[in-house]
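One letter stands for each residue in the lines below.
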Amino acid sequence: ETGVTQTPRHLVMGMTNKKSLKCEQHLGHNAMYWYKQSAKKPLELMFVYSLEERVENNSVPSRFSPECPNSSHLFLHLHTLQPEDSALYLCASSQEGVRGKPIQETQYFGPGTRLLVL
Amino acid sequence: RKEVEQDPGPFNVPEGATVAFNCTYSNSASQSFFWYRQDCRKEPKLLMSVYSSGNEDGRFTAQLNRASQYISLLIRDSKLSDSATYLCVVNTWASGGSYIPTFGRGTSLIVHP
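So, how was this worked out
- Once a new chain begins, its residue numbering starts again from 1 and follows that chain's sequence as written.
- Ligands are numbered from 1 and chains lettered from A, in the order in which they are written.
- Thresholds applied to this predicted model are a pLDDT of at least 70 for local features of residues and 80 or more for the giving and counting of side-chain atom pairs; totals over whole chains, interfaces and linings are not thresholded and use all residues.
- Excluded from the side-chain calculation are hydrogens and water; included are all heavy atoms of the structure.
- Counting from the N terminus, the helices are the DSSP runs of H or I reaching at least four residues and the strands are the DSSP runs of E reaching at least two.
- Per-residue accessibility, obtained with a 1.4 Å probe over protein chains only, is compared with the maximum for each type, and a residue is labelled buried under 20%, exposed over 50%, and partly exposed between these values.
- We call two residues contacting when some pair of their heavy atoms lies within 4.5 Å.
- The protein chains shown are the only cover counted for residues, whose accessible areas, like all others here, come from Shrake-Rupley with a 1.4 Å probe.
- We define buried area as the total accessible area lost by two parts upon association, computed with a 1.4 Å probe and summed across both.
- Here, a salt bridge means any Lys or Arg side-chain nitrogen found within 4 Å of an Asp or Glu carboxyl oxygen.
- Polar contact is the term for a pair of N or O atoms within 3.5 Å; when the atoms are in protein, one must be able to donate a hydrogen and the other to accept it, and sequence-neighboring residues count only if both atoms are side-chain atoms.
- In this count, Pro and Cys sit with the nonpolar residues alongside Ala, Val, Leu, Ile, Met, Phe, Trp and Tyr, while Asp, Glu, Lys and Arg are called charged and the others, Gly among them, polar.
- The disulfide criterion is simple: two cysteine sulfur atoms within 2.5 Å.

Novice: Any chance you could break down the overall build of chain A for me, citing the residues and the numbers?
Specialist: Assigned secondary structure in chain A consists of zero helices and eleven strands. Going residue by residue from the N terminus, the α and β elements of chain A occur as β-β-β-β-β-β-β-β-β-β-β. Counting only C-alpha atoms, chain A reaches 45 × 30 × 30 Å along its principal axes. Looking at the 118 residues of chain A, the share that counts as buried comes to 49%. Restricting the contact set of chain A to residue pairs at least 6 apart, pairs at least 24 apart contribute 55%. Accessible area of chain A: about 5700 Å², with a carbon and sulfur share of 50%.

In structure tokens:
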């Protein structure tokens, strides 16, 4: 597989369920991101991992829990979600240099997981 | 004030038309700028970076005005396949050690025959 892959592509869950979204990048990048995209709203950055360390948590509710076990994989663990959490969840990756000297900031996105919370 | 503002449109233009999109950003410390394209129900994909000197890629021209905190995208000779949402993206270096991208809401373009 090439690029950035996400599974599952579609997910329906109840408010009491626990599920996880998975993202894998095959580009050798060292930074990964989770975004939420709701209808009529701009992409909302949720989490940023650089060199497997979380560098940004954009005031995301604790019912969303990210995990980055290595530079190629990123998970988003979901529990006790609300219907307003229904959205498209996009993962992206990019290649960054040492601090202050970026190599490439272009982000490559996965196809997204379309989540519906009932 | 929104961090990255775009006119949502839609811009409805005939094939062959020239169309321009604008974007303003509020953080003067922002360091790099991009236009992404997002097709319906698909993920965003990079269209082009935006440089202070202006840059061109075929029918697409991007401009940056740092003093006015303004970015533009010009599309010449529009094709039906240009129909999409165009996202303005502004990156700012965060103290945590990574670029933090901020996306605009996007401008919708519809090119008709």
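There is more to say, and it comes next.
Novice: Go over the interface of chain A and chain B, please, and point to the residues and values.
Specialist: Accessible area lost when the parts come together is the quantity often used to give the size of an interface. Contacts between the two partners involve 24 residues from chain A, matched on the other side by 19 residues from chain B. Taken together, both faces of the contact between chain A and chain B bury some 2000 Å²; the carbon and sulfur share is 56%. Linking chain A with chain B are zero salt bridges, by the criterion used here. Applying the counting criterion to the chain A and chain B interface returns two residue pairs in polar contact (both at pLDDT 80 or more). Among the elements of the structure, β4 (31–37), β5 (44–50), β6 (53–57) and β10 (104–109) of chain A are those that each provide at least two residues to the side of chain A that touches chain B. The element contributing the most residues to the side of chain A that touches chain B is β10 of chain A, with four residues. Looking at the side of chain A that touches chain B, its residues break down into eleven nonpolar, six polar and seven charged.

Novice: I'd like to hear about the side chain of H73 of chain A, residue by residue, with values.
Specialist: Residues and elements named next belong to chain A. Topologically, H73 is positioned in strand β8 (residues 73–79). Among the polar contacts made by the side chain of H73, one reaches the side chain of E24 at a distance of 3.4 Å. Of the polar contacts made by the side chain of H73, one reaches the side chain of N70; its length is 2.9 Å.

Novice: How would you sum up the state of the cysteines? Please name residues and give values.
Specialist: In a disulfide, the sulfur atoms of two cysteines are covalently bonded to one another. Residues and elements named next belong to chain B. What the rule picks out here adds up to two disulfides over all chains. Note that C23 is cross-linked by a disulfide to C88, the S-S spacing being 2.0 Å. Since a negative S-S torsion denotes a left-handed disulfide, the C23-C88 link at about -80 degrees is left-handed. Of this pair, C23 sits in strand β3 (residues 19–25) while C88 sits in strand β9 (residues 84–94), placing them 65 residues apart in sequence. Relative accessible area serves as the criterion here: at 0%, C23 is assigned to the buried category.

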